[in-house]
Amino acid sequence: VVTRDDVEEALKAKWQYVKDKEQLLKDLHSQIEETGQRLSIKQGERDYWLEYKNVGSKTQANKIMNLKKDIKEVKDDLHRATEYYRNALQAVKEENDRLVERHMKLSKEQA
């Protein structure tokens, strides 16, 4: 024999069970939403880095190559200028030596 109290208790237990399951379902929905938002953020980051990998890194590599080329050209120009000025200095020294020697020769002759 089942009494009214037994039925009420069974209904309350079932009602509490359903309520707990609904709360669990709500919690799971909020977790799914949160995970979806994090996934969206991570996909945005991934897309950014893929774009960088496919386009940006090539652009940076081209800039680096151009800068290396510019550095090489500047070094070559510096080397050529150094050689030019070294030769010009040598020529001026030789000319000065000849002029000093000539001046000394003339001074000796005058003396």
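Labelled according to an unreviewed UniProt entry, the protein appears under the name CCD83 protein, originating from Fregata magnificens.

Caption draft 1: Molecular detail of the overall build of the protein. In terms of helices and strands, the protein carries one helix and zero strands. The C-alpha atoms of the protein give 46 Å as radius of gyration, which overshoots the globular expectation for 111 residues (13 Å, by more than 25%). Over its C-alpha atoms, taken along the principal directions, the protein stretches across nearly 155 × 30 × 15 Å. In the protein, which comprises 111 residues, the share counted as buried stands at 1%. Carbon and sulfur atoms make up 58% of the accessible area of the protein, which amounts to about 11000 Å² in all. Separation between the mean location of the 23 positive side-chain charges and that of the 22 negative ones in the protein comes to 6 Å.

Caption draft 2: Expanded view of the pattern of salt bridges. All told, the structure shown has seven salt bridges when counted by the stated rule. Two residues, K72 and D76, come together in a salt bridge whose shortest N-O distance is 3.3 Å. In this pair, K72 and D76 are both assigned in helix α1 (residues 4-110), four residues apart and thus about one turn of the helix distant. Taking the relative accessible area as the measure of exposure, D76 reaches 33% and is therefore partly exposed.

Conventions adopted
Residues numbered from 1 in each chain as written. Predicted model: local features only at pLDDT ≥ 70, side-chain atom pairs only at ≥ 80, totals over all residues. Heavy atoms only, no water. Helix = DSSP H or I, 4+ residues; strand = E, 2+ residues; numbered from the N terminus. Rg over C-alpha atoms; globule rule 2.2 N^0.38 Å. Buried < 20%, exposed > 50% of the residue type's maximum accessible area, 1.4 Å probe, protein only. Areas by Shrake-Rupley, 256 points an atom, 1.4 Å probe, with all protein chains shown as cover. Lys, Arg positive; Asp, Glu negative; His and termini not counted. Charge placed at Lys NZ, Arg CZ, Asp CG, Glu CD. Salt bridge = Lys/Arg side-chain N within 4 Å of Asp/Glu carboxyl O.

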